[in-house]
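What the coordinates show
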Amino acid sequence: MLFNQFISSIDPFGIIFILLMELASSSHRTLAGNSALISYTFGEIVITLFAYITRNWLILKWLNSAYFALLMFYLYFVPESPYWLLSMKKFDRLEACLRKIAKTNGRADIEWFFYYEKLIQDHRVTILIIKPSKKKRIASFAPKLCVCGLIGFVTMLLYIKISYGLALMNNTLSPHLSIVIGAIVEGIGYLSANFAMITRLGRKYALIVYALFTSGCVIVMPFIQDHHPIATIVVSQLGKLAISGTVSVSWIYVPELFPTSMRGFSNAVLIFFGRFGAILAPIIDATLGNQYSKITFYVYAALTLVIIVLVLFLPETRNRLFEDMEENSTTDPVTNDNKENNHENPTKTDAQ
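Residues numbered from 1 in each chain as written. Predicted model: local features only at pLDDT ≥ 70, side-chain atom pairs only at ≥ 80, totals over all residues. Heavy atoms only, no water.

1. Brief notes about the overall build of the protein chain
- Assigned secondary structure in the protein chain consists of 15 helices and zero strands.
- When burial is assessed residue by residue, the protein chain has 44% of its 352 residues classed as buried.
- Within the protein chain, contacts between residues separated by at least 24 positions form 78% of all contacts whose residues are at least 6 apart in sequence.
- When the accessible surface of the protein chain is split by element, carbon and sulfur atoms take 69% of a total near 19,400 Å². (Helix = DSSP H or I, 4+ residues; strand = E, 2+ residues; numbered from the N terminus. Buried < 20%, exposed > 50% of the residue type's maximum accessible area, 1.4 Å probe, protein only. Contact = heavy atoms within 4.5 Å. Areas by Shrake-Rupley, 256 points an atom, 1.4 Å probe, with all protein chains shown as cover.)

Spelled out as structure tokens, the structure:
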């Protein structure tokens with residue numbers, strides 16, 4: 001059982017999420033990321049269906065394993081990330097990957113190959129610049145990584161707190177139906193976040209709006225849960241929608257804050273601390289009991305406000321090129337142009 005839990009904890013979802021975003025252009029990253037999250041809600045419904053059919057945890061484990069095994073063959077057809085190939089200087093594989101993407105998009109060589117050659121030339125000039133060691137680079141990103149870790153911790157703490165609370169308070173519905181309804185509400189939250197992020201709100205202020213919405217629902221809960229059960233369920237479902245939107249924005253926003261070489265690590269930090277939040281939420285509720293449970297609502301709301309304040313100091317990433325920040329912040333020795341402000345000619349990996 002311990003071995004099974006260890007293997008189950010190796011969650012490929014974060015890797016899949018990053019790959020999806022890196023395979024999309026800057027104008028389609030939000031759609032790619034939210035497609036993965038919405039698909040996650042369909043997965044919740046499928047697992048619930050398996051649980052309803054089996055009614056046995058061991059059979060459910062075997063059924064889930066068989067389900068994943070049947071889908072493993074699809075990984076053979078998944079392309080590699082062009083950004084990763086560029087960062088690892090695998091130019092031959094990058095060209096082959098871009099040719100395949102261009103063919104799929106109906107692009108002739110004349111439309112993209114010139115930009116690819118210029119990209120490689122600029123990249124080879126850039127790598128001649130002495131870059132700091134990996135430890136120094138991680139240290140330079142440490143404050144931002146700490147904020148991302150806190151975002152992951154608080155968002156998953158609230159996600160599990162709200163979901164766990166919905167499961168406990170709703171005695172009129174079966175747990176299977178409750179999960180299905182929650183998955184539908186979660187999907188609506190992801191969809192609404194998708195539309196919010198492509199408006200003027202962008203990533204940064206969409207995260208702030210959904211976090212404020214979540215905090216408001218959490219604060220209201222202690223005042224209504226004892227005497228207004230229907231209102232409590234409605235507010236809890238609104239909270240589920242709000243926290244789902246917050247999770248959606250954070251999963252897209254955090255990878256965009258970091259260069260390709262740090263993107264996987266930053267996402268790992270987000271997930272790692274998010275797991276701590278997911279573990280702590282039910283433990284805290286079970287340990288404190290009903291007498292002190294109301295206090296947790298105020299503490300969680302306060303933590304959400306702390307996140308909002310910290311996010312105000314982070315940059316907006318909407319419509320920014322998905323390329324290394326080191327390259328964006330340096331001056332090209334060939335053209336003497338600052339790449340951070342030059343968005344007129346995006347790299348071909350992004351344009352494709």
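2. Some thoughts on the state of the cysteines
- In this structure the tally under the stated criterion is zero disulfides.
- We note that Cys146 lacks a disulfide partner, and the nearest cysteine sulfur, in Cys148, lies 9.2 Å from it.
- The exposure class assigned to Cys146 is exposed, which follows from its relative accessible area of 56%. (Disulfide = S-S within 2.5 Å.)

3. Concerning the pattern of salt bridges
- Applying the stated criterion across every chain, the model contains six salt bridges.
- Of the charged contacts in the structure, one is a salt bridge between Arg99 and Glu95, with a shortest N-O distance of 3.2 Å. One end of the pair, Arg99, and the other, Glu95, are both in helix 6 (residues 91–104), four residues apart, so they sit about a helical turn from each other.
- Using a relative accessible area of 34% as the deciding quantity, one classes Arg99 as partly exposed. (Salt bridge = Lys/Arg side-chain N within 4 Å of Asp/Glu carboxyl O.)

4. Description of the packing of aromatic side chains
- Inspection of the entire model under this criterion finds eight aromatic pairs.
- A ring pair is formed by Phe272 and Phe273, whose centres lie 5.3 Å apart and whose planes are at 90°; its orientation type is edge-to-face.
- The structure contains a cluster of three or more aromatic residues connected by ring pairs, namely Trp112, Phe113 and Tyr116.
- If you follow Lys161 out to its NZ or CZ, it ends over the ring of Phe297, 4.2 Å from the centre. (Phe/Tyr/Trp six-rings, centres within 6.5 Å; stacked < 30°, edge-to-face > 60°. Lys NZ or Arg CZ within 6 Å of the ring centre and 35° of its normal.)

5. Observations concerning the nonpolar core
- The biggest cluster of nonpolar side chains holds 54 residues, and the ones touching the most others in it are Phe17, Ile151, Val249, Trp251, Tyr253, Phe258 and Val311.
- Sorting the residues of this core by element identifies helix 2 (13–23), helix 3 (29–54), helix 9 (142–169), helix 10 (175–197), helix 11 (202–224), helix 12 (229–256) and helix 13 (260–311) as the ones contributing at least two each.
- Looking at this core, the element that brings in the most residues is helix 13, giving twelve residues.
- Discounting chain neighbours no more than four positions away, the residues touching Val249 are Ala193, Met197, Arg203, Ala206 and Leu207. (Core = buried A, V, L, I, M, F, W, Y, C linked by side-chain atoms within 4.5 Å.)

6. Concerning helix 2
- Burial in helix 2 covers these residues: Phe13, Gly14, Phe17, Ile18, Met21 and Glu22. Buried residues in helix 2, looked at end-on, bunch into an arc of 170°, giving them a common side. (Arc of directions from axis to C-beta.)

7. Considering the packing of helix 3 against helix 4 (residues 57–71)
- Running from N to C, helix 3 and helix 4 point in directions that differ by 140°, and their axes come no closer than 9 Å. With respect to their mutual orientation, helix 3 and helix 4 come out oblique. The two elements helix 3 and helix 4 cross, and the hand of that crossing is right-handed. Here Val46, Ile47, Phe50, Ala51 and Thr54 of helix 3 come into contact with helix 4, specifically with Ile59, Leu60, Leu63, Asn64 and Tyr67.
- Among the residues forming the contact of helix 3 with helix 4, the class breakdown is eight nonpolar, two polar and no charged. (Axes fitted to C-alpha atoms, helices over the stretch in contact; angles between N-to-C directions. Parallel < 35°, antiparallel > 145°, perpendicular 65-115°, else oblique. Left-handed = near helix turned anticlockwise from the far one by under 90°. Nonpolar A, V, L, I, M, F, W, Y, C, P; charged D, E, K, R; others polar.)

8. What about the confidence of the model for the protein chain?
- Of the residues in the protein chain, 80% reach a pLDDT of 70 or more, and the chain-wide mean stands at 77.
- Averaged pLDDT values over the elements of the protein chain bottom out at 42 in helix 15 (residues 348–351) and peak at 86 in helix 11. (pLDDT = per-residue confidence, 0-100.)

9. Description of the environment of Val209
- Within the element layout of this structure, Val209 appears in helix 11.
- What makes Val209 partly exposed here is its relative accessible area of 41%.
- On a C-alpha basis, the gap between Val209 and Ile308 in space is 8.8 Å, while along the polypeptide they are 99 residues apart.

10. Considering unusual backbone geometry
- A positive phi is found at Arg55, a non-glycine position, where the angle reads about 55°.
- Inspection of the secondary structure puts Arg55 in the loop between helix 3 and helix 4.

11. Here we look at the packing of helix 2 against helix 3
- For the pair helix 2 and helix 3, interaxial distance at closest approach is 8 Å and the crossing angle is 150°. Compared by their axis directions, helix 2 and helix 3 come out roughly antiparallel. When you trace helix 2 past helix 3, the crossing you get is right-handed. Taking contact as the criterion, the partners of Phe13, Phe17, Leu20 and Met21 in helix 2 are, on helix 3, Arg29, Ala32, Gly33, Ala36, Leu37 and Tyr40.
- Of the residues belonging to the contact of helix 2 with helix 3, the class tally is eight nonpolar, one polar and one charged.

12. Observations regarding the environment of Phe141
- Tracing the sequence through the fold places Phe141 in the loop between helix 8 (134–140) and helix 9.
- For Phe141, a relative accessible area of 11% gives the class buried.
- With 121 residues separating them along the chain, Phe141 and Met262 place their C-alpha atoms 8.8 Å apart.

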